[in-house]
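Residues per chain, in single letters:
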Amino acid sequence: ISGIEKDVEVVRFGQQLFEIPLQDTLAELEQLHDKHPDFFDLFTYKIINVGGIDDEYFPELMGEFLTDTMILNVKSDVEDEFSDFGKMEKRLNTAFKYYQYHFPDKDNPTIYTTISGFNESVFTAEGIIGISLDKYLGRDYPFYKKLSNVPLYKIKNMHREKLPSDVAYAWALTEFDETEETTTVLDNIIHQGKLMYFVDALLPDMEDSLKIGYTSEQINWAENNEAEMWNYLVENKMLYSNKRMDILRYINDGPYTTGFPIESPSRTGTWLGWQIVRQYMKKYEEVTLPQLMANKNYQEILNESDYYPE
């Protein structure tokens, strides 16, 4: 990637938003909206749910958000935690140089950082990645435990080191949406495996535990029980189940995987799919990342991987 000169643009939207003096609030917000119209609308409509610039009460609602004591305290904590955002920007830039390497015909997204009052961690739209920095203040950040909508198993991944892999995964999910094609457990775990392989490609030096959000103990459990998990899916005819609850059980986040021991991590289907796709790509070195991501024949990927853990 040393020859790739195109950098990803990172906009510190949150800083620009909170620098508004609030003297002529509507005019100031309109100026910011004109600078970043697509992200501004995504942020106000979908993330903090205060409507749009043309709504009657919009200036008052935004004024309340920007002067809220809790939000201002969080803003201060974000500034402390990310005082040197240059290092993170460099990591994101390197990740998207790998993206350009694999997908030279695609444009980089623009990345916007902000504070969302503990709403979405990473959110996307066409050509846009938004990052709520207040969701990456560290496992021990005291305010997290007071949030009724954030379970403890999520808090363990709310730290700055998780941010790059969350960005890479969210972008993969946006660029390669296969919702229409994934109807069975097998379809979904292979699709998730492809998304994780995309994360591998953008973050080749990151350890697996950070990519998938497991502790080292959970990684060890998954490696030691890989054969047992796979045999369970095969013997119980789970792979071809199209029941929504069966699918979600193996790919959704949670404290552990329902039906497996309580020591198991969640998303074990994603983890198994990841190993299948890795084995497939190791066997077929001539297959490019774009070819893999375009391949929606999930059964073929499984068959040709010769995956059978022992």
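Structure first, text after, so check above.
Starting afresh in each chain, residues are numbered from 1 along the sequence in its written order. The predicted nature of this model means local features are confined to residues of pLDDT at least 70 and side-chain atom pairs, given and counted, to a pLDDT of 80 or more, with totals for whole chains, interfaces and linings taken over all residues. The side-chain values count all of the structure's non-hydrogen atoms but skip hydrogen atoms and water molecules.

A. Quick look at the overall build of the chain. The helix count covers DSSP runs of H or I at least four residues long, the strand count covers runs of E at least two residues long, and both are numbered beginning at the N terminus. When helices and strands are counted, the chain shows 16 helices and 4 strands. Taken over C-alpha atoms, the radius of gyration is set against a globule rule of 2.2 Å times the number of residues to the power 0.38. Relative to a compact globule of 310 residues, whose C-alpha radius of gyration would be 19 Å, the chain shows 21 Å and is just as compact. In terms of principal-axis extent, the alpha carbons of the chain reach across some 65 × 45 × 35 Å. Remark: exposure states derive from per-residue accessible area (1.4 Å probe, protein chains only) relative to the maximum for the residue type, with buried under 20%, exposed over 50%, and partly exposed in between. Counting only residues that meet the buried cut, the chain has 52% of its 310 residues in that class. Taking the intrachain contacts of the chain between residues at least 6 apart in sequence as the baseline, contacts between residues at least 24 apart amount to 64%. Working definition of accessibility: Shrake-Rupley area with a 1.4 Å probe, residue cover restricted to the visible protein chains. Looking at the chain as shown, the accessible area adds up to about 15,400 Å², and 46% of this sits on carbon and sulfur atoms. Between two residues, a contact is recorded if the distance between any of their heavy atoms is within 4.5 Å.

B. Main features of the pattern of salt bridges. Just to be clear on terms, a salt bridge is a Lys or Arg side-chain nitrogen sitting within 4 Å of an Asp or Glu carboxyl oxygen. Scanning the model with the defined rule gives 15 salt bridges in all. A salt bridge links K97 to D7; its shortest N-O distance comes to 3.0 Å. Remark: D7 occurs in the segment before β1 (10–11) and K97 occurs in helix α6 (residues 85–102); sequence separation between them is 90 residues. Here E161 and R91 are joined by a salt bridge, their closest N and O atoms 3.1 Å apart.

C. Local environment of the nonpolar core. Note on terminology: a nonpolar core comprises buried Ala, Val, Leu, Ile, Met, Phe, Trp, Tyr and Cys residues joined through side-chain atoms within 4.5 Å. If you look at the biggest cluster of nonpolar residues, it comprises 100 residues, and the most contacted ones within it are L17 and F198. For this core, the leading source of residues is helix α9 (residues 185–202), giving 10 residues. Those residues in contact with F198 that sit more than four places away from it in its chain are Y99, F103, A168, W171, A172, F176, L289 and M293.

D. Local environment of the layout of surface pockets. Approximately 930 Å³ is the volume attributed to the largest pocket. What lines the largest pocket is a set of 36 residues, and nearest its centre among them are S121, K154, D166, Y169 and D253. Sorting the residues of the lining of the largest pocket by element identifies β3 (122–125), α8 (163–175), α9 and α10 (208–212) as the ones contributing at least two each. The element contributing the most residues to the lining of the largest pocket is α8, with 6 residues. Think of it as three bins: nonpolar holds Ala, Val, Leu, Ile, Met, Phe, Trp, Tyr, Cys and Pro, charged holds Asp, Glu, Lys and Arg, and polar takes everything else, Gly as well. Residue classes in the lining of the largest pocket are distributed as 14 nonpolar, 13 polar and 9 charged. Lining residues are those with an atom within 4 Å of a point, where the points come from a 1 Å grid over the protein atoms alone and group into cavities, where a 1.4 Å probe fits but cannot get out, or pockets, open sets with protein on both sides within 12 Å along at least five of seven lines. Grid points are joined across faces, edges and corners, and a volume is the space filled by probe spheres set on the points.

E. Quick look at the pairing of strand β2 (residues 110–114). For β2, the buried fraction is high: 5 of the 5 residues fall into the buried class. Alternating residues of β2 divide into T110, Y112 and T114 and I111 and T113, and every residue in both groups is buried. Two strands make a pair as long as DSSP finds a minimum of two bridges between them. Direction of pairing for β1 relative to β2: parallel, over a ladder of 2 bridges. When the bridges of β2 are listed, V10 appears paired with I111. Pairing of β2 with strand β4 (residues 128–132) involves 5 bridges; the strand directions are parallel. By the bridge assignment for β4, Y112 is matched with G130.

F. Region of interest: the packing of helix α2 (residues 25–35) against helix α3 (residues 37–47). At a minimum axis distance of 5 Å, the contact between α2 and α3 shows a crossing angle of 120°. As far as their axial angle goes, α3 and α2 are oblique. Contacts from L29, L32, H33, D34 and K35 in α2 reach P37, F40 and D41 in α3. Class assignment of the residues belonging to the contact of α2 with α3 gives a composition of 4 nonpolar, 1 polar and 3 charged. Axis definition: a line fitted to C-alpha atoms, over the contacting stretch in the case of helices. Angles run 0 to 180 degrees between N-to-C directions. Should an angle fall under 35 degrees it is taken as roughly parallel, and over 145 as roughly antiparallel, whereas 65 to 115 is taken as roughly perpendicular and any remaining angle as oblique.

G. Highlighting the sheet that holds β4. Reading across the sheet, the 4 strands line up as β1-β2-β4-β3 and stay open at both edges, with mixed pairing between neighbours. Each end of this open sheet is capped by a strand with a single partner; those strands are β1 and β3. Contacting β1, β2 and β4, α6 crosses the sheet at an angle of about 150° to β2. Across the sheet, α8 is in contact with β3 and β4; its angle to β3 comes to roughly 30°.

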